[in-house]
Amino acid sequence: MTVTPELIDPTTRYPQPEFDQGAQPGPGQAWGMDPTPDHGEESYRGSGKLTGRRALVTGGDSGIGRAAAIAFAREGADVAISYLPEEQQDADAVIALIEKEGVKALALPGDITDEAFATSLVTKTVEAFGGIDVLVNNAGKQQARESILDISSEQFDETFKTNVYAMFWITKEAVKHLPAGSSIINTTSVQAYQPSPTLVDYASTKATINAFTKALAAQLAEKGIRVNAVAPGPVWTPLQPAGGQPESALPTFGGQTPLGRPGQPAEYGAAYVYLASNDSSYTTGSTLSITGGMPTP
Ligand code: NAD
Ligand code: MG
């Protein structure tokens, strides 16, 4: 007998503004969020789409990266996650969820704005899993500033180092190991298309990620390596209370979207699985927008 899944209204599926969430110190912690984000812990069901794959997910401790890591493990992949040492509590929760699926987990704490450390993520993943065939460049830094005069050179540098340089360093190392059929997925943003006045540096990195994705996809196509991006709209993750938004914007976060609420990380896991798996074998150089209806070209 076929079981018809329940129809779910996307406008009421998850919490809507207003929220009580206050600001968090950086880099932010998923366990400190109210309401608790949904990363698919209870809902994501795998069907063997990534059996035997070896994946590295940067920023895999929380938010969108955590949702991708959980979904990958449930699809049968070994999963390495990178995160900052301050995020160990979030990372421990993800490592436990990965191991529960009977696949290998690898925890890689450290700062990816350091080139040597960023590069070592790939070599450690290859050592632990015997190779790598999925790379998700997802770690990101976002600090809202009212004026360009408030963006220090240090912030500008850290934002580009985290969002752009680390992606470049990690990808460059990974390309030495990725076999035909493997997949690179970069997390960009609706900010690449609709930049907020308070996110001049961050939005610029996200436009860069789109161009990097398209150029590299064209370059690596002949090797059978696909390169795509996911462009999230506003998502309920620690990035936002940890300085990504001014504190005054947190109560109404996501309310500007046509669906009237922020996305939850759980609404992203399947997109990363799609782009990592053979299901998307004719998809490269594309950016998949998941924005709650905010227009992207
Ligand atoms: P998140 O805070 O859960 O994840 C970001 C992760 O980046 C952190 O967990 C951290 O581990 C990692 N990171 C940051 N700086 C680092 C550094 N120097 N070294 C190592 N790791 C570092 O938030 P998220 O929203 O899930 O962010 C994931 C991606 O999604 C980011 O690229 C972000 O720009 C993008 N994004 C988020 C939203 C949103 O509204 N939350 C919207 C569009 C795009
Ligand atoms: Mg985190």
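Residues numbered from 1 in each chain as written. Chains lettered and ligands numbered in written order. Predicted model: local features only at pLDDT ≥ 70, side-chain atom pairs only at ≥ 80, totals over all residues. Heavy atoms only, no water.

S.K.: Looking at this structure, how should I read the coordination of the magnesium ion (ligand 2)?
M.R.: A metal bound by six donors in octahedral fashion has ideal angles of 90 or 180 degrees, whereas one bound by four tetrahedral donors has an ideal angle of 109.5 degrees. Bound to the magnesium ion (ligand 2) are the protein donor atoms D61 (OD), S62 (OG) and E87 (OE), situated 2.1 to 2.2 Å from the metal. Counting the intervening residues between successive donors of the magnesium ion (ligand 2) yields the motif D-S-x24-E. Of the two residues, S62 sits in the loop between β1 (54-58) and α1 (63-74) while E87 sits in the loop between β2 (78-83) and α2 (88-100), which places them 25 residues apart along the sequence. Using a relative accessible area of 6% as the deciding quantity, one classes E87 as buried. (Donors = N, O, S within 2.8 Å, 3.2 Å for Na, K, Ca; no water. Helix = DSSP H or I, 4+ residues; strand = E, 2+ residues; numbered from the N terminus. Buried < 20%, exposed > 50% of the residue type's maximum accessible area, 1.4 Å probe, protein only.)

S.K.: Looking at this structure, I do not really get unusual backbone geometry. What am I missing?
M.R.: Backbone phi values are negative for most residues with the exception of glycine, while trans is the configuration of most peptide bonds. With omega at 10°, the peptide bond leading from P17 into E18 counts as cis. Relative to the assigned elements, E18 resides in the segment before β1.

S.K.: Hey, could you run me through helix α5 (residues 200-220) in this one?
M.R.: Residues lying three or four places apart along an α-helix face the same way, a consequence of the helix completing one turn every 3.6 residues. The end-to-end C-alpha distance of α5 is 30 Å, a good match for the 30 Å that 21 residues give at a rise of 1.5 Å each. For α5, the set of buried residues is D201, Y202, A203, T205, K206, I209, N210, T213, L216, A217 and L220. Considering only its buried residues, α5 is in contact with α4 (153-175), β5 (183-187), β6 (226-232) and β7 (287-290). (Expected span 1.5 Å × (residues − 1). Contact = heavy atoms within 4.5 Å.)

S.K.: Explain the environment of S248 to me, please; I cannot follow it from the model alone.
M.R.: Relative to the helices and strands, S248 resides in the loop between α6 (240-244) and α7 (269-276). Sequence separation of S248 and G22 is 226 residues, and the distance between their C-alpha atoms is 8.8 Å.

S.K.: Would you mind showing me how to read the sheet that holds strand β3 (residues 105-109) here?
M.R.: Consider a sheet: its strands pair through backbone hydrogen bonds, and that pairing is either parallel or antiparallel. Reading across from one edge, β3-β2-β1-β4-β5-β6-β7 is the order of the 7 strands in this open sheet, with parallel pairing throughout. At either margin of the open sheet sits one strand with a lone partner, and together these are β3 and β7. Taken pair by pair, the neighbouring strands of this sheet meet at an average axis angle of 15°, ignoring direction. With 4 bridges joining them, strand β4 (residues 134-137) and β5 adopt parallel strand pairing. Following the sheet pairing, L135 is matched in β5 by I184. Sitting on the sheet, helix α3 (residues 115-129) is in contact with β1, β2 and β3, with an inclination near 160° to β3. (Pairing = 2+ DSSP bridges. Axes fitted to C-alpha atoms, helices over the stretch in contact; angles between N-to-C directions.)

S.K.: Would you mind going over the nonpolar core with me for this structure?
M.R.: One finds F72, V79, I81, I98 and Y272 to be the most contacted residues of the largest nonpolar core, which totals 31 residues. Secondary structure elements with two or more residues in this core: β1, α1, β2, α2, β4 and α7. For this core, the element with the highest residue contribution is α1, accounting for 6 residues. Counting residues in hydrophobic clusters, the runner-up holds 25 residues, among them F117, V122, F129 and I225. (Core = buried A, V, L, I, M, F, W, Y, C linked by side-chain atoms within 4.5 Å.)

Everything listed here is a matter of geometry and, on its own, says nothing about what the molecule does.
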